[in-house]
There are 4 protein chains.
Amino acid sequence: MFDKLEEECGVFGIYGHPEAANMTYLGLYSLQHRGQESCGIVASDGHSLRAHRKSGLVADVFRDPVLFERLPGQSAIGHVRYSTAGGNDEKNCQPIMVDYVRGSIAVAHNGNLINAQELRNELEQLGSIFSTVADTEVIIHLLARTQSDSLSERIADALRRVRGAYSLLFLTETRMVAVRDPNGFRPLILGKLDGAYVVASETCALDLIEAEFIREIEPGEMIIIDKKGLHSLFPLEVAQPSPCIFEYIYFARPDSTIFGREVYGVRKEYGRQLAREFPVEADVVVPIPDSGVPAAIGYAEQSGIPFELGLIRNHYVGRTFIEPQQSIRHFGVKIKLNPVREVIEGKRVVVIDDSIVRGTTARKIIKMIRHAGAKEVHVRISSPPTSYPCYYGIDTPTRTELISSSHSIEEINRYITSDTLGYLSIEGLLKATCGSENLEQCHFCTACFCGRYPLKFPRLKDDRQLGLF
Amino acid sequence: MFDKLEEECGVFGIYGHPEAANMTYLGLYSLQHRGQESCGIVASDGHSLRAHRKSGLVADVFRDPVLFERLPGQSAIGHVRYSTAGGNDEKNCQPIMVDYVRGSIAVAHNGNLINAQELRNELEQLGSIFSTVADTEVIIHLLARTQSDSLSERIADALRRVRGAYSLLFLTETRMVAVRDPNGFRPLILGKLDGAYVVASETCALDLIEAEFIREIEPGEMIIIDKKGLHSLFPLEVAQPSPCIFEYIYFARPDSTIFGREVYGVRKEYGRQLAREFPVEADVVVPIPDSGVPAAIGYAEQSGIPFELGLIRNHYVGRTFIEPQQSIRHFGVKIKLNPVREVIEGKRVVVIDDSIVRGTTARKIIKMIRHAGAKEVHVRISSPPTSYPCYYGIDTPTRTELISSSHSIEEINRYITSDTLGYLSIEGLLKATCGSENLEQCHFCTACFCGRYPLKFPRLKDDRQLGLF
Amino acid sequence: MFDKLEEECGVFGIYGHPEAANMTYLGLYSLQHRGQESCGIVASDGHSLRAHRKSGLVADVFRDPVLFERLPGQSAIGHVRYSTAGGNDEKNCQPIMVDYVRGSIAVAHNGNLINAQELRNELEQLGSIFSTVADTEVIIHLLARTQSDSLSERIADALRRVRGAYSLLFLTETRMVAVRDPNGFRPLILGKLDGAYVVASETCALDLIEAEFIREIEPGEMIIIDKKGLHSLFPLEVAQPSPCIFEYIYFARPDSTIFGREVYGVRKEYGRQLAREFPVEADVVVPIPDSGVPAAIGYAEQSGIPFELGLIRNHYVGRTFIEPQQSIRHFGVKIKLNPVREVIEGKRVVVIDDSIVRGTTARKIIKMIRHAGAKEVHVRISSPPTSYPCYYGIDTPTRTELISSSHSIEEINRYITSDTLGYLSIEGLLKATCGSENLEQCHFCTACFCGRYPLKFPRLKDDRQLGLF
Amino acid sequence: MFDKLEEECGVFGIYGHPEAANMTYLGLYSLQHRGQESCGIVASDGHSLRAHRKSGLVADVFRDPVLFERLPGQSAIGHVRYSTAGGNDEKNCQPIMVDYVRGSIAVAHNGNLINAQELRNELEQLGSIFSTVADTEVIIHLLARTQSDSLSERIADALRRVRGAYSLLFLTETRMVAVRDPNGFRPLILGKLDGAYVVASETCALDLIEAEFIREIEPGEMIIIDKKGLHSLFPLEVAQPSPCIFEYIYFARPDSTIFGREVYGVRKEYGRQLAREFPVEADVVVPIPDSGVPAAIGYAEQSGIPFELGLIRNHYVGRTFIEPQQSIRHFGVKIKLNPVREVIEGKRVVVIDDSIVRGTTARKIIKMIRHAGAKEVHVRISSPPTSYPCYYGIDTPTRTELISSSHSIEEINRYITSDTLGYLSIEGLLKATCGSENLEQCHFCTACFCGRYPLKFPRLKDDRQLGLF
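Calculation criteria
- Residues numbered from 1 in each chain as written.
- Chains lettered and ligands numbered in written order.
- Predicted model: local features only at pLDDT ≥ 70, side-chain atom pairs only at ≥ 80, totals over all residues.
- UniProt positions renumbered as here; feature names shortened; annotations may be inferred.
- Helix = DSSP H or I, 4+ residues; strand = E, 2+ residues; numbered from the N terminus.
- Buried ≥ 20, exposed ≤ 12 C-beta atoms within 10 Å, placed from the backbone.
- Contact = placed C-beta atoms within 7 Å.
- Least-squares fit on C-alpha atoms with pLDDT ≥ 70 in both.
- Pairing = 2+ DSSP bridges.
- Axes fitted to C-alpha atoms, helices over the stretch in contact; angles between N-to-C directions.
- Domains from an automatic or database assignment.
- Nonpolar A, V, L, I, M, F, W, Y, C, P; charged D, E, K, R; others polar.
- Arc of directions from axis to C-beta.
- Parallel < 35°, antiparallel > 145°, perpendicular 65-115°, else oblique.
- Left-handed = near helix turned anticlockwise from the far one by under 90°.
- Core = buried A, V, L, I, M, F, W, Y, C linked by C-beta atoms within 7 Å.

- Identification of chain A as Amidophosphoribosyltransferase from Desulfuromonas thiophila is taken from an unreviewed UniProt entry.
- Chain A has a UniProt comment under Sequence similarities (unreviewed entry) that states "In the C-terminal section; belongs to the purine/pyrimidine phosphoribosyltransferase family."

1. Here's the deal with the overall build of chain A
Move 1: Helix and strand counts for chain A stand at 17 helices and 21 strands.
Move 2: Of all 469 residues assigned to chain A, the portion counted as buried reaches 57%.
Move 3: The contacts in chain A between residues at least 6 apart in sequence include a share of 72% that link residues at least 24 apart.

2. So, the relation of the copies chain A and chain C
The relation between the two chain copies is a rotation about an axis coupled with a shift along that axis.
Move 1: Least-squares fitting of chain A to chain C yields an RMSD of 0.1 Å, with the transformation described by 0.1 Å of translation along the axis and a rotation of 179°. Both chain copies can therefore be described as sitting about a two-fold axis. The rotation axis passes nearest to the C-alpha of Ser128(A) in chain A, at a distance of 2.9 Å.
Move 2: Most of the interface of chain A is mirrored in chain C, where 100% of its interface residues are also at the interface.

3. Structural notes on the UniProt feature "active site" (unreviewed entry) in chain A
All names here are of chain A.
Move 1: Sequence positions flagged by UniProt for "active site" (unreviewed entry) are, in local numbering, Cys9.
Move 2: Considering the arrangement of structural elements, one finds Cys9 in strand E1 (residues 9-15).
Move 3: Apart from residues no more than four positions distant in its own chain, Cys9 is found in contact with Arg34, Gly35, His79, Val80, Arg81, Tyr82, His109 and Asn110.

4. A closer look at the sheet that holds strand E4 (residues 75-81) of chain B
Backbone-to-backbone hydrogen bonds join strands into a sheet, with any given pair of strands oriented parallel or antiparallel.
All names here are of chain B.
Move 1: Ordered by their spatial adjacency, seven strands build an open sheet running E3-E2-E4-E1-E10-E9-E11, and the pairing between neighbours is antiparallel. Because the sheet does not close on itself, it has two edges, and the strands there are strand E3 (49-55) and strand E11 (212-216). The average undirected angle you get between the axes of adjacent strands in this sheet is 15°.
Move 2: Here strand E9 (residues 189-193) runs beside strand E10 (residues 196-200); their pairing, made up of five bridges, is antiparallel.

5. With respect to the domain arrangement of chain A
Residues and elements named next belong to chain A.
Move 1: The domains assigned to chain A are domain 1 (9-242) and domain 2 (263-450).
Move 2: Contacts between the two partners involve 14 residues from domain 1, matched on the other side by nine residues from domain 2.
Move 3: Counting residues per element, the ones that place at least two in the side of domain 1 that touches domain 2 are strand E6 (103-113) and strand E7 (164-172).
Move 4: Among the elements that take part in the side of domain 1 that touches domain 2, E6 stands out by supplying three residues, more than any other.
Move 5: Among the residues making up the side of domain 1 that touches domain 2, the classes are represented as five nonpolar, eight polar and one charged.

6. Focus: the interface of chain B and chain A
Move 1: At the interface, 51 residues of chain B touch 51 residues of chain A.
Move 2: Counting residues per element, the ones that place at least two in the side of chain B that touches chain A are helix H1 (20-30), helix H7 (203-208), helix H9 (263-277), helix H10 (293-303), strand E18 (337-339) and helix H11 (341-344) of chain B.
Move 3: Of all the elements, H1(B) adds the most residues to the side of chain B that touches chain A, at five residues.
Move 4: Considering only residue class, the side of chain B that touches chain A consists of 29 nonpolar, 11 polar and 11 charged.

7. A word on the relation of the copies chain B and chain A
Move 1: Of the transformation superimposing chain B on chain A, the axial component is 0.0 Å and the angular component is 180°, with the fit at an RMSD of 0.1 Å.
Move 2: By residue overlap, the copies meet face to face through one surface: 100% of the interface positions of chain B are interface positions in chain A.

8. Comments concerning the pairing of strand E7 (residues 164-172) of chain D
Residues and elements named next belong to chain D.
Move 1: The buried fraction of E7 is high, at eight of nine residues.
Move 2: Judged from the nine bridges that link them, strand E6 (residues 103-113) and E7 form a sheet pairing that is antiparallel. Note on E7: the bridge partner recorded for Gly111 is Tyr166.
Move 3: As judged from the five bridges shared by E7 and strand E8 (residues 176-180), these two strands associate in the antiparallel manner.

9. What to know about helix H4 (residues 116-125) of chain C
Residue and element names in this part refer to chain C.
Move 1: Along H4, the residues classified as buried are Ala116, Leu119, Arg120 and Leu123. End-on view of H4: buried residues confined to an arc of 100°, all on one side of the axis. Of the exposed residues in H4, the ones pointing more than 90 degrees away from its buried face are Asn121 and Gln125.
Move 2: Packing partners of the buried residues in H4 comprise strand E6 (103-113), helix H5 (136-145) and helix H6 (151-161).
Move 3: Directly after H4, the chain includes Gly127, whose backbone phi takes a positive value near 105°.

10. So, the pairing of strand E5 (residues 96-100) of chain C
Residue and element names in this part refer to chain C.
Move 1: Inspection of the sheet shows E5 paired to E6 by five bridges, in the antiparallel sense. Within E6, the residue paired with Asp99 across the bridge is Ser104.
Move 2: With antiparallel pairing between neighbouring strands as the criterion, E5 and E6 make up a hairpin whose turn holds two residues.

11. Focus on the interface of chain A and chain C
Move 1: Taken residue by residue, the interface counts 15 residues in chain A and 15 residues in chain C.
Move 2: If you list the elements that add at least two residues to the side of chain A that touches chain C, you get strand E5 (96-100), helix H4 (116-125) and helix H5 (136-145) of chain A.
Move 3: Top element by residues in the side of chain A that touches chain C is H5(A). It accounts for four residues.
Move 4: Residues of the side of chain A that touches chain C, tallied by class, amount to seven nonpolar, five polar and three charged.

12. Digging into the sheet that holds strand E2 (residues 38-44) of chain A
All names here are of chain A.
Move 1: Judged by pairing direction, the sheet is antiparallel, and its seven strands sit side by side in the order E3-E2-E4-E1-E10-E9-E11 without closing on themselves. Single-partner strands in this sheet number two, and they are strand E3 (49-55) and strand E11 (212-216). Here the strands of the sheet are splayed against their neighbours by 15° on average, with no regard to which way each runs.
Move 2: As paired elements, E1 and strand E10 (residues 196-200) share four bridges and run antiparallel to each other. Looking across to E10, one finds that Ile14 is bridged to Val198.
Move 3: The strands touched by helix H1 (residues 20-30) within the sheet are E1, E2, strand E4 (75-81) and E10, with E4 carrying the most contacts at an inclination of about 25°.

13. Description of the environment of Arg253(D)
Move 1: Relative to the elements of secondary structure, Arg253(D) occurs in the loop between helix H8 (246-251) and strand E14 (257-258).
Move 2: The class of Arg253(D) is buried, set by 25 C-beta atoms lying within 10 Å.
Move 3: Here the alpha-carbon distance between Arg253(D) and Glu202(D), two residues 51 residues apart in the chain, equals 7.9 Å.
Move 4: Setting aside residues up to four positions removed in sequence, Arg253(D) forms contacts with Ile312(C), His33(D), Glu202(D), Cys204(D) and Val263(D).

14. Describing the packing of H9(B) against H10(B)
Residues and elements named next belong to chain B.
Move 1: Interaxial distance between H9 and H10 falls to 7 Å at its minimum, and their mutual angle equals 45°. By the angle between their directions, the pair H9 and H10 is classed as oblique. You can see that H9 and H10 cross each other, and the crossing is right-handed. Packed against H9, whose contacting residues are Tyr264, Arg267, Lys268, Glu269, Tyr270, Gly271, Arg272, Leu274, Ala275 and Arg276, the element H10 presents Pro294, Ala295, Ala296, Ile297, Gly298, Tyr299, Glu301, Gln302 and Ser303 at the interface.
Move 2: Of the residues assigned to the contact of H9 with H10, the class counts are nine nonpolar, four polar and six charged.

15. Some thoughts on the environment of Glu440(B)
Residue and element names in this part refer to chain B.
Move 1: Within the element layout of this structure, Glu440 appears in the loop between helix H15 (426-434) and helix H16 (447-450).
Move 2: By C-beta crowding, Glu440 is classed as exposed, having 7 other C-beta atoms within 10 Å.
Move 3: Sequence separation between Glu440 and Leu151 is 289 residues, and the spatial gap between their C-alpha atoms is 39 Å.

16. Structural notes on unusual backbone geometry
Outside of glycine, negative phi angles account for most residues, and trans bonds account for most peptide bonds.
Move 1: Put simply, Pro289(C) and Asp290(C) share a cis peptide bond, and its omega is -10°.
Move 2: In this fold, Asp290(C) is placed in the loop between strand E16 (284-287) and helix H10 (293-303).
Move 3: Cis geometry marks the peptide bond from Gln94(D) to Pro95(D); its omega dihedral reads -5°.
Move 4: Here Pro95(D) is to be found in the loop between strand E4 (75-81) and strand E5 (96-100).
Move 5: Residues other than glycine seldom take positive phi values, yet Phe259(A) does so here, at roughly 50°.
Move 6: Assignment of secondary structure puts Phe259(A) in the loop between strand E14 (257-258) and strand E15 (261-262).

17. Observations concerning the nonpolar core
Move 1: Counting 303 residues, the largest nonpolar core has Leu169(A) and Leu169(B) as the members making the most contacts within it.
Move 2: Apart from the residues lying within four places of it in its own chain, the contact partners of Leu169(B) are Val11(B), Gly13(B), Ile77(B), Val107(B), Ala108(B), Met176(B), Ala178(B) and Val199(B).

18. Observations concerning H5(A)
Residues and elements named next belong to chain A.
Move 1: Of all 10 residues in H5, nine are buried; the element is thus mostly enclosed.
Move 2: Residues of H5 that are buried include every one of Thr136, Glu137, Val138, Ile139, Ile140, His141, Leu142, Leu143 and Ala144, and no others.
Move 3: Each element contacted by the buried residues of H5 is listed here: E5, E6, H4 and helix H6 (151-161).

Right, dumping it as structure tokens:
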């Protein structure tokens, strides 16, 4: 992606495995692309919950093998997090774990609630004290106040109050519960490993631990797993599902299968469709690595123009690279990417990526490609212009930062200094996702492209709050 | 690469730049692939040298911007290191820096000396005390004992005693000196940034800081840079140059130009030649990312079989991944790579990589590909079988660990369970590197493939020492 | 003290000083003897509260001067803690700070509540979620649920529900509130530094920052300090004050003045009284440093036997000394103390300390003194036998660990191998504390000696809980 | 001591004990007062040496029990260090350990060489490269260059070249060697623990590990300990012994026996002598804790004035206390000491300490005592004015910083604002140390008081170097 569009979160849980925390560690490892800010695991040994949560990458936070001895038990849930709502403090790391009158409970949340502030105000008026700024804590407080007898009812009571996107995993001393919101914005997958049940944001987490894929958890479904087995309920109000199409475009790993299709193939199809919508005479198709690779292969195949890895990515650049001094700040893009001169010199280059956010990175990369001797630079983006913010768990910049919310494609083309610029159309996107023949039934959320939000958020009186989104 | 063939080192130096240490940091950053064990920078402000050296990646070791304030001055040299000779202790980090009777001197070394132990014994007999186990310290002690007047003569005196591979950078209070051994085993590049001279292992380091490429430093050449400018000398015995062909196959970054050619193009040509030598009927060409990508693109182009990124690499796996527990050790390969089922299922797959070391990783990957549904798996390696150890700076496993030193290709094929296995021939390798028409003049070191060492190492009486190699 | 009797906590607050956090740091520094487990400071700049809390000593936790920039403002409260109730987790560090419906509030607590578990159960039933295991959090939750308008009323509402020992400091954005429980178990001192008000557990904290001592805060008194000045209220039920006599015996620093007298003098008087009650023919009076020094000086003066520092304390032993290996564990006492042979050899030695807890340390020290050549060893303890646990904030061992709760003085004498053993009588203790003439009005809490608890604790049904005390 | 007069070093070694490194750790622990800057242990398992050395206190540097597994073997030497010569870098930590032509050798040094720079220049001219700035490295280089056959001869060859103060411990794979310089400036003690030999700077290290004291190692003596037992040699030029009297005054621990007497008793005698030389009518004798305590007890006994601990030391102040901000820098003394008002108010106070260095601390303490209500303050110092720097291992301030090198006693009295000030006379000091009757044979080094140096240092041409001393 030409600019950093920040990610959301990933969840993983396992019930009934002798090395539950270990497996969760591996699952989080494979979901690391969904959140690099912090991570955590809560494990249950049947009697009590134990947690380890910290800022940092999974491999760093769980570097010490001793940690796993401190997380004994046969069930565990984990979370990788990019701060959507909730600041960077360690106390905001998930899974959140609390003791309440019924015992202990932990929760890991992927998504974003749109009435969290409202509910929080209401709960604080009643004397609740919040210890984090995370949306997710609202769910816990609602749970603590409901008088229903069964865990599933208490969770359902709480979730009937909240609105928004949520793929949730709960863990108590003896149960694991997975819930996906009625719109099914975020993916949630069910698998099995020997006798143990596994729940994860993406199938790549199942692959790593060699678990078998069973099915996706349905929008509005609650799955309760305990000693007696697995129970499925649909306790929430029914809605028209609207899974997030950005999972296909950018978030999910290409080797994952979500919402019924493997991501790599969908992305390649976006590239093919892009070649159909915006053909160009050129000598070489070059992806922005690694986000643009599948679409570039698709574009190259459809157009017949050779595919080349014309930009080399420095593997040792983490997303957390801290540039040491003001004076070298402009090395930002070069530190990540360097052109292969031989591939580019004297050529007409088609550059493929999945999105443009602010446009500044695209502009720098194009300058770099021209500096390496390109004759022409044609940019092709395998998604429509991102013009609207997301309220369902993706931490997009505000509208003022989104170049496509305030500039026409022609203006963006001029700004980033490409010869031509083409964005995949919304119709093309849906066609490539669902197939031309299924367009009618293609109910993905495309709010960030078209502004039609499947779930309305409440009016807030406080203007400052709007700025948060 | 199917197995980890460990890397060597990288050097970077700059003379006459107001932010010399900063620039060196960036240069090392782009040379990180040449050594991840430790790194260091020594800077001179014209009066004294200051050092910061530590185990770890460049971005970690130099995380704190304050460090650069402690490394003031207009000249600096740096080093990234994988331990060839010299253990893992921090005191073995380079650049080595000492005070001796003439002042201070620092040295950064890429390569390996073959008579270091001999010289060390001799110097210790005379009362020298070594404070590291690095070969490089021998050079410093020779330098300290020579009586020549000028720095260049003292360095030449010392280097006339040593045999082996070395691309060296020296820094004193007022001078920077670069030397490449007469065989020119390792690359060394000269560039310019505004008025400052830059020396680096590869051109990718020039690209990052936007320095201009001037030329390669020649085998046997010494370049002295001081206030008066740049002087070139050839003070060492002349030899037939024999640059290391493994730099093209694996070590150098694909976007670098070394030994006269850009690496990406050479690798693609290896893929094409491989397709000519070992064609196969198949449905898809899949590289081991990222090492096999250029050769796979070449193979695909030559053979007409579609290229696909059928194995996805987990970006958050460092080479330093520490597996937490014995019980999950077998996740080794899966934690790095996961197949794209859609690309592989039901297909005849050509898998491309640059080398096989022990064969264990290849075996696991092939199993994984078959598990994803491949009908056939054909392995193509873009280099000849690596049968002999390297004494010139590459930390290859010992002969007993190199599968190709003790097994026929057919045996390897059986072991890794591929349907067919093809290695690029030595002739094909040289042809692809130099062009068919220049084969006579193609004097690369191919000792690791054919056992013909361009520089003989001394007989050691102590058997234990042989074990070291 | 012959054995470790664990300490309680210390609090410090300042209102209206330009370097409030700095002053609090110094205040905590001088109160470090009251708690070495963790410490913390919360500061207010008039608009919001900021905290830094961590496990460790004050000098370590606040080592980085930058921390004070992150704690701006003219008011601050701080806490040093030994874990009475509440485990060792960092989240249990005080001051506790929360956001609730009325804004932010922080609280630092010295003491122990005896109905905390009861109240916690009740609050959890109502849906409150606790984020620590500290008693103190109960007060915060009670506060959050009360509907009273003013801060002082809300605090009073909350405190009317709790029973136990508390010297509390609250900080909001604009106010500091200090409260001492109606029994006045723990000390709490009011001082002034230029225009700023200071509240602290002991006067030694005033001395360090050169603040002027004003008066002690009275049992049951609440003091509210804000921009308008200082207000004193008595909103709680009145009780017969019963300050903790152990503050004089061991806890408070000898240079502090609490409960109306300077501690050093009281301790010396205990030594004099001990000499009256248990005279002995001997050659030298030797204190266990440093706890036994004032009483030893008193004993020496009263008896006319010379005082000598016959046991030398190793200054570099923190209370946190970690013995490295099982095999050297028995060095425990020797690592802290070593006898001066010249003082002890051939002598009849009176050894003075303030208490004996388990007896094991006393036994080792006496062995050490005999090994250095003592002819006789007479042990004199400047307090009565500690036979009963404390529920008011002192973390004494359980009854089974207290040697004096299950053994007669004669049995203890045999166990520790002293020639004679004398404990100060309860009557002698009170006489020495208040003067013979004031014995009637001498209402100190001596529950740990006599078992008469001034404040009854509620019956708990859960036996496990009793074990906690 | 009224001001910080910085300390020297301590050494410890053990040969033939199954837990040699553990024992050395404990020995260093008890010698911590001789150096708090850094420490280290080198252990031998009979085949090779292993080291752990670091900046910090013993308890911190060796906090991790795993370290002892990495220091196996039956012999070990250790060192605690305050930087006399040699900066603060970790590489300057001792014991120094090197590999040279004869194997490995480690050395721990207490003392200071006066011709180290001369020898270093000479060795560098011959091509030696120094890796530390420590004097001690000179000895190692001399050793490496000597051609003598036996270890004892090589050490003797090297030591015949050096001049100065040294109590040295050497460790090779199979031997431990202890040497004390011909003047015997620094103490060195021989002991035995079961079958193992122990060497230490002071007897307090023997006491801790319950080793038996055998005798002091003699000035000029070399002791070699190996499998065959202990051998004593006197290979160095004979000199008039001149042990450092400051060991008695301040450096050694009061519970140690060195130079034939226990330190506590000597210090008490200084106090008695001081009372004889400078009697005063007063109400109370108060020591500066803890350095002034023994002399104060002696003064009180001799004068009949009651001894009181009128200044309380904050135990949690390490010597490494870092004051957080400029604005609170003046809390320096108060953070360490606080007066007991009851003891001081309205009294005529005799304050006792062992020395005054710069006078600033004394001035602050006296101000503090007067502020607590003292009617008169009489200062008595249990040593003569320190007017000359030490070249034999004590890091005294330069002459310009020593208040007594440039001011008369009357001027100092005015500066520190005492009513009267008395320093022990040199004659009184010697009388109290050796007994009046032995004054003729009392050959202690008193150079820092009288300027008569028992060992002349070489003239250096470089003035800057003089400043170093």
